[in-house]
Amino acid sequence: MSVASQDTAIRTGRVTRKLIYLVLVLFALFYMLPLYVMLVNSVKPLSEITGGGMMNLPQAFTLEPWAKAWSSAQIGVEPTGLAPYFWNSIKMVVPAVAVSTVLGALNGYVLTKWRFKYDTILFGLMLFACFIPFQIVLIPMARMLGLMGLAGTTWGLALVHVVYGIGFTTLYFRNYYAVFPTELIRAAQIDGAGFFQIFWRILLPSSGPIAVVSVIWQFTNIWNDFLFGASFAGADSQPMTVALNNLVQASHGVKEYNVHFAGAILAAMPTLLVYIVAGRYFVRGLMAGSVKG
Amino acid sequence: MGFLDIDNTTKSYGSVEVLHKVDISIEEGEFLVLVGPSGCGKSTLLNMIAGLEEITSGEIRIKDNVMNGVHPSKRNIAMVFQSYALYPNMTVGQNITFGLEMHGVAKPEREKAMQDVARLLQIEQLLDRKPGQLSGGQRQRVAMGRALVRNPDVFLFDEPLSNLDAKLRVDMRTEIKKLHQSLGTTIVYVTHDQIEALTLSTRIAVMNGGYVQQLGTPQEIYDKPENIFVATFMGSPAMNVVPAVVRVDGGVPQAEIVLFDGSKARLPFSQPNLTAWDGRDILLGIRPEAITDHDSADRKSGNIASLSNRIVVTEPAGSDMFVSMQLGGKDVIARMRSDADVRAGQDFEFAVNMEKAIAFDPETEARIQP
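So, how was this worked out
Every chain's residues receive numbers from 1 upward, in the order its sequence appears when written. By the order in which they are written, chains take letters starting at A while ligands take numbers starting at 1. Local features in this predicted model are restricted to residues of pLDDT 70 or higher, and side-chain atom pairs are both shown and tallied only at a pLDDT of 80 or more, whereas totals for entire chains, interfaces and linings draw on every residue. In this text, helices come from DSSP runs of H or I with a minimum length of four residues, and strands from runs of E with a minimum of two, each type numbered from the N-terminal end. Atoms considered for the radius of gyration are the C-alpha atoms alone. The globule rule reads 2.2 Å times the number of residues to the power 0.38. Exposed residues have 12 or fewer other C-beta atoms within 10 Å of their own C-beta, buried residues have 20 or more, and partly exposed residues fall in between, where C-beta atoms are placed from the backbone. What counts as a contact is two residues whose backbone-derived C-beta atoms lie within 7 Å of each other. Fitted lines through C-alpha atoms serve as axes, helices being fitted only where they are in contact, and the angles separating the N-to-C directions of these axes extend from 0 to 180 degrees. Working rule for angles: under 35 degrees goes down as roughly parallel, over 145 as roughly antiparallel, 65 to 115 as roughly perpendicular, anything else as oblique. Note on convention: the crossing is left-handed when the near helix lies turned anticlockwise from the far helix by less than a right angle, right-handed when the turn is clockwise. Here, strands pair whenever DSSP counts at least two bridges between them. Per the annotation, domain bounds derive from an automatic or database assignment of domains. By the convention adopted, Pro, Cys, Tyr, Trp, Phe, Met, Ile, Leu, Val and Ala count as nonpolar, Lys, Arg, Asp and Glu as charged, and the other residues, Gly among them, as polar. With the strands aimed away from the viewer, a crossover counts as right-handed if its path from the first strand over the helix to the second runs clockwise. Residue count minus one, scaled by 1.5 Å, sets the expected span of a helix. Each nonpolar core reported here comprises buried Ala, Val, Leu, Ile, Met, Phe, Trp, Tyr and Cys residues connected via C-beta atoms within 7 Å. pLDDT is a per-residue confidence score from the predictor, ranging from 0 to 100.

A. Representation of the overall build of chain A in the model. A count of helices and strands for chain A gives 13 helices and zero strands. Taken against the 2.2 N^0.38 rule, which gives 19 Å for 293 residues, the C-alpha radius of gyration of chain A at 25 Å runs more than 25% over that of a compact globule. In terms of its C-alpha atoms, chain A occupies a principal-axis envelope of roughly 75 × 75 × 30 Å. Looking at chain A residue by residue over its 293 residues, the buried ones come to 35%. Across chain A, every contact between residues at least 6 apart in sequence was considered, and the portion connecting residues at least 24 apart equals 74%.

B. Structural detail: the packing of helix 2 (residues 92-102) of chain B against helix 4 (residues 136-148) of chain B. Residue and element names in this part refer to chain B. Between helix 2 and helix 4, the shortest axis-to-axis distance is 7 Å and the interhelical angle comes to 30°. Here helix 4 runs roughly parallel to helix 2, going by the angle between their axes. As helix 2 runs across helix 4, the sense of the crossing is right-handed. Facing V92, N95, I96 and G99 of helix 2, the residues of helix 4 in contact are V142, G145 and R146.

C. Representation of the sheet that holds strand 5 (residues 65-66) of chain B within the structure. Residues and elements named next belong to chain B. A sheet is described by the order of its strands in space; here four strands give the open sequence 2-1-4-5, paired in antiparallel fashion. Because the sheet does not close on itself, it has two edges, and the strands there are strand 2 (16-26) and strand 5. Pairing geometry for strand 4 (residues 57-62) and strand 5, over two bridges, is antiparallel. Looking at the pairing, I62 lines up with N65 of strand 5. Strand contacts of helix 1 (residues 42-50): strand 1 (4-13), strand 2 and strand 4, with the helix running at about 65° to strand 2, the strand carrying the most contacts.

D. Focus on the domain arrangement of chain A. Residues and elements named next belong to chain A. Splitting chain A by domain gives domain 1 (14-69) and domain 2 (83-287). Centre-to-centre separation of domain 1 and domain 2, based on C-alpha positions: 33 Å. Taken residue by residue, the interface counts ten residues in domain 1 and ten residues in domain 2. When residues of the side of domain 1 that touches domain 2 are traced back to their parent elements, those giving at least two are helix 1 (14-42), helix 2 (46-50) and helix 3 (64-71). No other element matches the four residues that helix 3 contributes to the side of domain 1 that touches domain 2. Class assignment for the residues of the side of domain 1 that touches domain 2 results in six nonpolar, two polar and two charged.

E. Geometry of the domain arrangement of chain B. Residue and element names in this part refer to chain B. For chain B, the assigned domains are domain 1 (4-233) and domain 2 (240-360). On a C-alpha basis, the centroid separation for the pair domain 1 and domain 2 is 39 Å. Facing the four residues of domain 1 at the interface are five residues of domain 2. Taken together, the residues of the side of domain 1 that touches domain 2 break down into three nonpolar, one polar and no charged.

F. Structural view of the sheet that holds strand 7 (residues 154-158) of chain B. Residues and elements named next belong to chain B. With respect to topology, six strands assemble into an open sheet ordered 6-7-8-3-9-10, the strand pairing being mixed. Single-partner strands in this sheet number two, and they are strand 6 (77-80) and strand 10 (211-216). Each adjacent strand pair in this sheet contributes to an overall mean axis angle of 15°, direction not counted. Two elements, strand 7 and strand 8 (residues 186-191), share five bridges in a ladder whose sense is parallel. By the bridge assignment, L156 is partnered in strand 8 with V188.

G. Examining the interface of chain A and chain B more closely. Across the contact, 14 residues belong to chain A and 17 residues belong to chain B. Counting residues per element, the ones that place at least two in the side of chain A that touches chain B are helix 8 (182-190) and helix 9 (195-203) of chain A. Broken down by element, the side of chain A that touches chain B gets its largest block of residues, six residues, from helix 8 of chain A. Its residues assigned to classes, the side of chain A that touches chain B comprises seven nonpolar, four polar and three charged.

H. How the structure looks around the pairing of strand 8 of chain B. All names here are of chain B. Of all six residues in strand 8, six are buried; the element is thus mostly enclosed. Along strand 8, one buried face is formed by T186, V188 and V190 and the opposite face, lined by I187, Y189 and T191, is buried too. The pairing of strand 3 (residues 31-35) with strand 8 spans five bridges and is classified as parallel. Along strand 8, the bridge assignment pairs V33 with Y189. The β-α-β motif built from strand 7, the intervening helix 5 (residues 166-183) and the parallel element strand 8 has right-handed crossover chirality.

I. Local environment of helix 10 (residues 208-224) of chain A. Residue and element names in this part refer to chain A. When the terminal C-alpha atoms of helix 10 are compared, their 24 Å separation across 17 residues agrees well with the 24 Å that a helix rising 1.5 Å per residue should span. Taking burial as the measure, the 17 residues of helix 10 include twelve buried ones, the bulk of the element. Listing the buried residues of helix 10 in full gives I210, A211, V212, V213, S214, V215, I216, W217, Q218, F219, I222 and W223.

J. How the structure looks around the nonpolar core. Membership of the largest hydrophobic core comes to 164 residues, with the highest contact counts inside it found for L82 of chain A together with L34, M79, L156 and L284 of chain B. Looking at which element gives the most residues to this core, the answer is helix 7 (residues 154-178) of chain A, with 13 residues. Leaving out residues up to four positions away in the same chain, L34 of chain B has contacts with K42, L45, L46, V188, V190, A205 and M207 of chain B.

K. Structural view of the confidence of the model for chain B. Per-residue pLDDT for chain B averages 89, and the proportion of residues at 70 or more is 100%. Two summary scores accompany this predicted model of the complex, namely pTM at 0.77 and ipTM at 0.77.

If you want it as structure tokens, here you go:
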């Protein structure tokens, strides 16, 4: 045993330390296993999978399953691959994330800096949006989309996600702006800035961390949503998640597991990317305001 | 009609009135300080002048224009906030010119105004930095620059020095005073620090509990406080207030006070009308510097009374020596020369400058007018 250093409260000898690392590595491997299976099997010919040995490394490396999943696999009745649905998802996610984040910021701004009577009650009611189960609103929402002429369109789907997301984004921004110094708003008022000028010039440029949180949260939720996509999308506006389901659930022909794996990775790719690019701001944003300094 | 008129102005939140009929009028170029303990309504009044709080009743006028309901940006005022309120995402230069930009001033003019102000406040080398990279004193200058650049009718300062350390506070205080003298601007300044109020102002409004207790020049406030609150709030150490009884002897009213051992001493007043109070209780107010030894008593005073009393504690404070004693059952502080030959427990012959003594009515706590 080495002499425990004086400046740490917890004494860990070399053996305990090694044990801790060993356990951690084992856990890490265990958690990585599904990803390993997906990656390995997506670059094998189908015969290698059906011949058993799902855990083995590929003997004949091929990118064929990826190409097939992307551009030529049978989705429902058309052999289009996932590509058109991927773009459907993008067309739905980008406006839905942008609009719900901006509206959440605007709501947070009004609820904290332009206080009015019963504003806390209104905020409380908006928070209910976070607790309403998706299933409850399916039929009324379908009726509303029909009345608005948006049934079966990507825009309609984006609208549904915006409405559902506002509760969360308002919560984020309201709590962030609650600790934003009100004197700054007053200074800007005296300087002659109007309602929207204060918002664009003073508040939004200081909202980086919470905007990242809102974007990541909204992006992953909307991209991964299946129920709304399956319920409200038309044949040519289905998002990636629904298409992936149609690919995997196809009830005729041979089950091409390698193509399914590749497709699943393709579907998960954008959320992974968003986490890798913006993830380090995520925790920082979630913690913002909770600790001084 | 003054330059800035606060005319019978009140402020209520719901049914609670926090400012009661405030009446203040100042001329162009005056430096008005609103001073009082926290919660006295001074910041609320300042915010009402700025237009950040609504006026419940009464009027506020700047240059005879009624400001009730006028947007803050249209009152031609500028404000320096306690936290400085610099926009964190903009550089110092952008902070200074933001107000001009919002008022539609063309870019070349903005640049010129910014350079002028930066030169005046010696912050030229900071123009490209962000507020986060500045020290407290530098932020303070930038905040003042942002106010100065607008060239407003009235400057409003909301406790601008309270976030600075003691030394910087004194420096900035002098600087604000210099700025006021060289620019001749009209300033309304809120503080809870009575020294700031006395040093900076041309006039002081002492506030407490939503009332203006007294409005006057620093000298008036210090020498002729209207009531016990003003007397004890302004000045450090605070004015001594001692219970006394008026006795008239040979037509001269005298204050009879109880010494440390229960015996009584009499100090003659310089205020003849106190004969009317013969035999009644009063409160006697004496500033610490009006109680000294005989050698350093004010030679210009026509009424120095002697008072023999026992010293309880001596507190050397560098330039002065604070000596405390018991008078009328209260602790009383005398301010002596630092080299005064005094010891605790010693019986000492004090010189009391009764010309500066003030008599208060113990019931109303108001000054008994001469």
